[in-house]
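Geometric and topological summary
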Amino acid sequence: MPLPRSKKRVTLESLGSPEYWVEFRIITGMKFDDVKRLFGDAKEDAPPDEYIYDLFKNLVLDWNLPEEEGGEVMPLPREQSSSVGKLPNSYVSFLVQEMSEDTGVPDTENLDEIS
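These numbers were taken from a predicted model, which means no experiment stands behind them. (Residues numbered from 1 in each chain as written. Predicted model: local features only at pLDDT ≥ 70, side-chain atom pairs only at ≥ 80, totals over all residues. Heavy atoms only, no water.)

**Side note on the packing of aromatic side chains**
All chains considered together, the criterion is met by zero aromatic pairs. Positioned above the aromatic ring of Trp21, the side-chain terminus of Arg9 is 3.5 Å from the ring centre. (Phe/Tyr/Trp six-rings, centres within 6.5 Å; stacked < 30°, edge-to-face > 60°. Lys NZ or Arg CZ within 6 Å of the ring centre and 35° of its normal.)

**Side note on the nonpolar core**
Generally speaking, nonpolar side chains in soluble globular proteins are found buried as a group. With 23 residues, the main nonpolar core has Phe56, Trp63, Leu65, Leu87, Leu95 and Met99 as its most contacted residues. Put simply, the parts of the chain that give this core at least two residues each are β1 (7-12), β2 (17-25), α2 (48-59), β3 (60-63) and α4 (89-100). The greatest single-element share of this core, amounting to six residues, is contributed by α4. (Core = buried A, V, L, I, M, F, W, Y, C linked by side-chain atoms within 4.5 Å. Buried < 20%, exposed > 50% of the residue type's maximum accessible area, 1.4 Å probe, protein only. Helix = DSSP H or I, 4+ residues; strand = E, 2+ residues; numbered from the N terminus.)

**Quick look at the pairing of β1**
Burial of β1 is one-sided: the residues Lys8, Val10 and Leu12 facing one way are buried, the residues Lys7, Arg9 and Thr11 facing the other way are not. With six bridges joining them, β1 and β2 adopt antiparallel strand pairing. Note on β2: the bridge partner recorded for Lys7 is Arg25. Between β1 and β2, which pair antiparallel and follow one another directly, the connecting turn spans four residues, one of which, Gly16, has a positive phi of 85°. (Pairing = 2+ DSSP bridges.)

**Some points on the sheet that holds β1**
With respect to topology, three strands assemble into an open sheet ordered β1-β2-β3, the strand pairing being antiparallel. Each having just a single partner strand, β1 and β3 make up the two edges of the open sheet. Shown here is a sheet whose adjacent strand axes are inclined to one another by a mean of 20°, direction ignored. As defined by bridge partners, β2 adjoins β3 across three bridges and the pair is classed as antiparallel. Bridge pairing in β3 places Phe24 opposite Val60. (Axes fitted to C-alpha atoms, helices over the stretch in contact; angles between N-to-C directions.)

**Notes on the side chain of Ser17**
Checked against the element boundaries, Ser17 lands in strand β2. Engagement of the side chain of Ser17 in a polar contact is seen with the side chain of Tyr91, the distance being 2.7 Å. (Polar contact = N/O pair within 3.5 Å; in protein donor to acceptor, adjacent residues only side chain to side chain.)

**Some thoughts on the packing of α2 against α4**
It is at 11 Å that the axes of α2 and α4 come closest, and there the two elements cross at 65°. Considering only the axes of α2 and α4, their crossing is left-handed. Where α2 approaches α4, its residues Ile52, Leu55, Phe56 and Leu59 are matched on the opposing element by Val92, Leu95, Val96 and Met99. (Left-handed = near helix turned anticlockwise from the far one by under 90°. Contact = heavy atoms within 4.5 Å.)

**Quick notes on the pattern of salt bridges**
Pairs can form between side chains of opposite charge whenever their charged atoms are close. Here the structure, examined in full by the defined rule, presents two salt bridges. The salt bridge partner of Glu98 is Lys8, with a shortest N-O separation of 2.7 Å. Of the two residues, Glu98 is situated in helix α4 and Lys8 in strand β1; the sequence distance between them amounts to 90 residues. As far as the burial class goes, Glu98 and Lys8 line up, both buried. The partner of Lys86 in a salt bridge is Glu67, with the nearest N and O atoms 3.9 Å apart. (Salt bridge = Lys/Arg side-chain N within 4 Å of Asp/Glu carboxyl O.)

What follows is the structure in structure tokens.
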């Protein structure tokens, strides 16, 4: 069985912006130690917006998103976390969903039936 993908690149075509893209790490394809290191310091009671900033900071590898149409590409979240706050809410919602989606890892709930 092949290893799960560790990164993904999506366009924002479904949001009417096919020229923009984001490449990010996929949590289910990352090595356990990397996930632990990235999120080990996360506070369980952190506000949802703090979690979103951390998610972008830790997972986004590259993008071509400008602050405004025709503007320069914004710094990556790991370089400047305020870049996330300058994105349209629809982009943030879409990207969080993409970063969090199931990436095809087999269902292991029914392993008892196999053994």
